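Given next are the chains, with one letter for each unit.
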Amino acid sequence: MITLYDVMDRIQTGPICKVADWDKMIYAKAKEIAKKHDLVGIYDPQNPVSSDDSLADEVFKAALEYLEEMGILCLATQRIIKLSHDEIIEGLYHLPSTAQAGSGADVVNYHHRAIEDKTPCITVLGSFGHPMSEEMFPLHSQAVVQHPFVDTHVSATLVTVYGLKIRSGTPTETLAGYYETQIVKEAVRKAGRPGIGIYGVELSATAYGNLGGYTYGGYTAQDPCICVQPAELKTDYPLLNKMIHRINIGGVHAPMMSHSLSAIGGWAGGPDTVVVVNLAGCIGNAIVHQSTFPTHRCLDAVTSADTGRQSVWCDSVVDNALARNTHFIVGGYAGSVAGPYTEMHLLETAVRAMSRTVCGCGQFMGVKSTHGRYLNHSSPIESWIAAEVVKATAGLSREHVNEVVKQLLPRYEDKLRDPPKGKPFQEGFDIKTLKPTEETRRLLNSVRKELKDLGIPLQAFTE
Amino acid sequence: MNDEEIIKKFAESVIAGEKESSIRIAEEIVSTGVDPLKAIKEGLLGGLQDVGGRWVTGEVFLPEMMESVTAMKAGIDILKANLSGTALAELKLGTVVLGTVQGDIHDIGKNIVGTMLELAGFEIKDIGVDVPAMQFVDKAQEEKADIIGISALMVTSMPFFEDIISILKDMGIREKYKVMIGGGPVTQEYADEIGADGYGRDAEEAVRIAKKLLEVS
């Protein structure tokens, strides 16, 4: 089996490959393997939530072959971390099927979920990296984690630290990494969730924020580490440094997520090849980074959204493949692009929450908005709706959810290139009481009602 | 084949990303005396606009666009020898130094923009990812660039846009370059706030803005 020492060796001794050549190889090899496995023309726009298990299994076989042929490229050294067939198979079995985050009464236990699993998926919710001011940041966190279905928390990204602009890779990032932990921990304590697991360090663009935050008095080994690899099948020193630091403080079983990001229309091509590349990246990055939560998403390169039809389909196929063929705790995302306090944002979020839950995700992360463009444009209600939909859809069939998603997609998919901006957090919430305004409550309840009428068994709410 | 047919085949080979065909047809253009400038302008560049459009609609993907760029460059290399200095200058819309700022290793958006700009006729000097601010300026000076194109996907990398502009001002060379910025969290308002010359919300708009800044078509 591959260890961290193997990884550290291979980033220095693996075969050399320039990044430009790597990027060209991604699609060329994917086309070859997709053709070999008869995966050409498989995209099914009429069924965005796939329930084709034989397709999922074939994509899985293709992805294993692809990963063995490609490996993972280390950008810093431009050398490939090659994985043998045995190392990949061993990795599939050695990566964990259970995990834990948080402490005390707020501790949560994750486990591998099967497709249509009746046990609920763990929610990882919050602003998910949206830029927020020092003033609004703690209020937003506190408001999000008030909801009992929010199991763990992922915060916003601070843009200043004590008034200084944060610049990634500089001392301000290191300073802000610790600062984030103090603000978030106080915020969740005020919400009555002092032990809730916090995914961090959200603002850590490089390793410095992470090193600053995971320290005495900051985040602990029970707070899952965020380690997000870029597209496609790549890693780099900052990400490997995060991996090592997490092992230093808590060992290989300290929870950490890895990621596989693929762009439909980008280096991985179209949906047919993206599913192979994305799945290979998910498995490869999980093995290389000794990950607890292999996470993945396929976003549309034109709209940068993952809530469109192609993305929903691609992610459902990859989720199905992982749920059926591994015991991973698979992570899903909501990368909504509309702004907060808009119907579109709630519908995008709901689509992602339900589709990824029924396809076997063990954790669901969210909720992004507006590509992170507008300061403080993130609200708790999107996290709340995500939490409610994730819990309500445990045990539903993919076919049922597919029918719901088919109703919801046309409501927003033509707006993904030019979505509504929404409004900032403080304009839809009373920031003294941390309750939604009447207008916000009406919007949230109207979407809840619509989802319930479509067949999503949301729990009781005030109409 | 008459001139129009040769030019049409030239365009088709480039749109299809067939480098060898592009070279062969370019050689035929030279040997048969077809106007090389006409072949490039009518055959290549018009067809390549089509490739960019088809990327937006999902009919082609980034690797296929890159193949078209490679075929285009191979064909133009053959024809260059038969072009006057004036004609060559007319073809090149401008030089763009393009990179992702320090602390940020995301490049897919930058790569798509770079490819679309190349398809449109710009020369791209891609300096990669995690690039310190001063390196953008150094490269722009070295390449005598027209545009410095800066990308960031991380919010905490955006302050480096301002740093690059500050360096240009402090060196007294701000007016020599047009500065364009882009990336997920970037907005027109932010571009205006920091004094950038242009912002592209997506790759298509980036091409349009780049042409507008350099007053070319």
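Residues numbered from 1 in each chain as written. Chains lettered and ligands numbered in written order. Predicted model: local features only at pLDDT ≥ 70, side-chain atom pairs only at ≥ 80, totals over all residues. Heavy atoms only, no water.

Q: Can you lay out empty space enclosed by the protein for me, pointing to particular residues and giving the numbers?
A: Going through the model one piece at a time under the given rule, you end up with two cavities of 30 Å³ or more. In this structure, the largest cavity occupies an estimated 60 Å³ of space. In terms of lining, the largest cavity is formed by A:Asn210, A:Tyr214, A:Thr220, A:Ala221, A:Asp223, A:Cys225, A:Lys242, A:His245, A:Arg246, A:Ile249, A:Ala254 and A:Pro255. Considering each element in turn, the lining of the largest cavity owes the most residues, four residues, to helix 8 (residues 237-250) of chain A. Its volume calculated, the second largest cavity comes out at about 40 Å³. As for the second largest cavity, its lining consists of A:Pro230, A:Ala231, A:Leu261, B:His106, B:Asp107 and B:Ile108. When the residues that make up the lining of the second largest cavity are grouped by side-chain class, the tally is four nonpolar, one polar and one charged. (1 Å grid on protein atoms, 1.4 Å probe; cavity = no way out; pocket = protein on both sides within 12 Å on 5 of 7 lines; lining within 4 Å. Points joined across faces, edges and corners; volume = space filled by probe spheres on them. Helix = DSSP H or I, 4+ residues; strand = E, 2+ residues; numbered from the N terminus. Nonpolar A, V, L, I, M, F, W, Y, C, P; charged D, E, K, R; others polar.)

Q: If you had to explain the side chain of A:Lys234 to someone new, which residues and values would you point to?
A: Relative to the helices and strands, A:Lys234 resides in strand 13 (residues 234-235). Within the structure, A:Lys234 has its side chain in polar contact with the side chain of A:Asp23 (distance 2.9 Å). If we skip the residues at most four places from it in the chain, A:Lys234 touches A:Val19, A:Trp22, A:Asp23, A:Ile72, A:Leu73, A:Leu75, A:Gln229, A:Asn285 and B:Asp107. (Polar contact = N/O pair within 3.5 Å; in protein donor to acceptor, adjacent residues only side chain to side chain. Contact = heavy atoms within 4.5 Å.)

Q: If you had to explain the environment of A:Asn325 to someone new, which residues and values would you point to?
A: Residue and element names in this part refer to chain A. With respect to the helices and strands, the residue asparagine 325 is situated in helix 10 (residues 309-325). By relative accessible area, which is 29% here, asparagine 325 ends up partly exposed. Taking the C-alpha atoms as reference points, asparagine 325 and leucine 92, separated by 233 residues in sequence, lie 8.9 Å from one another. Ignoring anything within four residues of it in the chain, the contact list for asparagine 325 reads Ala56, Asp57 and Phe60. Within polar-contact distance, the side chain of asparagine 325 engages the side chain of aspartate 57 at 3.1 Å. (Buried < 20%, exposed > 50% of the residue type's maximum accessible area, 1.4 Å probe, protein only.)

Q: Could you give an account of the environment of A:Asn241, with specific residues and numbers?
A: Residues and elements named next belong to chain A. Checked against the element boundaries, asparagine 241 lands in helix 8. Accessibility expressed as a relative area gives 43% for asparagine 241, which makes it partly exposed. Along the sequence, asparagine 241 and threonine 206 sit 35 residues apart, while their C-alpha atoms lie 9.0 Å from each other.

Q: Explain the sheet that holds strand 13 of chain A to me, using residue names and the numbers behind them.
A: Residues and elements named next belong to chain A. Across the sheet, three strands lie side by side as 2-1-13; this open sheet has mixed pairing. Among the strands making up the open sheet, the edge pair consists of strand 2 (79-81) and strand 13. Strand direction decides the pairing type here: strand 1 (residues 72-74) and strand 13, joined by two bridges, are parallel. Looking across to strand 13, one finds that leucine 73 is bridged to lysine 234. (Pairing = 2+ DSSP bridges.)

Q: Lay out the pattern of salt bridges in plain terms, naming residues and giving numbers.
A: One pass over the full model with this rule turns up 45 salt bridges over all chains. Between B:Lys92 and B:Glu123 there is a salt bridge, with its nearest N and O atoms 3.2 Å apart. One end of the pair, B:Lys92, is in the loop between helix 5 (85-91) and strand 1 (95-100); the other, B:Glu123, is in strand 2 (residues 123-126), and 31 residues separate them in sequence. Residue classification places B:Lys92 among the partly exposed positions, given a relative accessible area of 41%. A salt bridge links B:Glu142 to B:Lys139; its shortest N-O distance comes to 3.5 Å. Taken together, the residues span about one helical turn, with B:Glu142 and B:Lys139 both in helix 7 (residues 133-143) at a distance of three residues. Residues participating in the shared-partner salt-bridge network are A:Arg297, A:Asp306, A:Asp315, A:Asp319, A:Arg352 and A:Arg356. (Salt bridge = Lys/Arg side-chain N within 4 Å of Asp/Glu carboxyl O.)

Q: Before we move on, could you go through the packing of helix 3 (residues 53-70) of chain A against helix 4 (residues 85-94) of chain A and cite the residues and values that matter?
A: All names here are of chain A. Two numbers describe how helix 3 lies on helix 4: the axes approach to 9 Å, and their chain directions differ by 130 degrees. Judged on the interaxial angle alone, helix 4 and helix 3 are oblique. The handedness of the crossing between helix 3 and helix 4 comes out as right-handed. In this structure, helix 3 uses Phe60, Leu64, Leu67 and Glu68 to contact helix 4, whose residues at the interface are His85, Ile88, Ile89 and Leu92. Among the residues making up the contact of helix 3 with helix 4, the classes are represented as six nonpolar, one polar and one charged. (Axes fitted to C-alpha atoms, helices over the stretch in contact; angles between N-to-C directions. Parallel < 35°, antiparallel > 145°, perpendicular 65-115°, else oblique. Left-handed = near helix turned anticlockwise from the far one by under 90°.)

Q: Let's hear about helix 1 (residues 3-15) of chain B: which residues, and what values?
A: Residues and elements named next belong to chain B. Taking 1.5 Å per residue as the helical rise, helix 1 with its 13 residues ought to reach 18 Å, and the 18 Å between its terminal C-alpha atoms agrees with that figure. Of the positions making up helix 1, those classed as buried are Ile6, Ile7, Phe10, Ala11, Ser13 and Val14. All buried residues of helix 1 project into a common sector of 165 degrees when viewed along the axis, lining one side. The elements touched by buried residues of helix 1 are helix 2 (19-32), helix 3 (36-56) and helix 4 (62-80). (Expected span 1.5 Å × (residues − 1). Arc of directions from axis to C-beta.)

Q: I'd like a rundown of the confidence of the model for chain B, residues and numbers included.
A: Low pLDDT marks regions whose predicted coordinates should not be analysed in detail. Across chain B, pLDDT averages 91, with 100% of residues at or above 70. Reported for the predicted complex are a pTM of 0.95 and an ipTM of 0.90. (pLDDT = per-residue confidence, 0-100.)

Q: Please give an account of the sheet that holds strand 5 (residues 198-199) of chain B that cites residues and values.
A: All names here are of chain B. Strand order in the open sheet formed by five strands is 2-1-3-4-5, with parallel pairing between adjacent strands. The open sheet terminates on both sides in strands that have one partner only, identified here as strand 2 and strand 5. Summarising the sheet, strand 3 (residues 147-151) and strand 4 (residues 178-182) pair through five bridges and their orientation is parallel. Bridge pairing links isoleucine 150 to isoleucine 181 in strand 4. Together, strand 3, strand 4 and strand 5 form the strand contacts of helix 10 (residues 203-214), whose direction differs from that of strand 4 by roughly 170 degrees.

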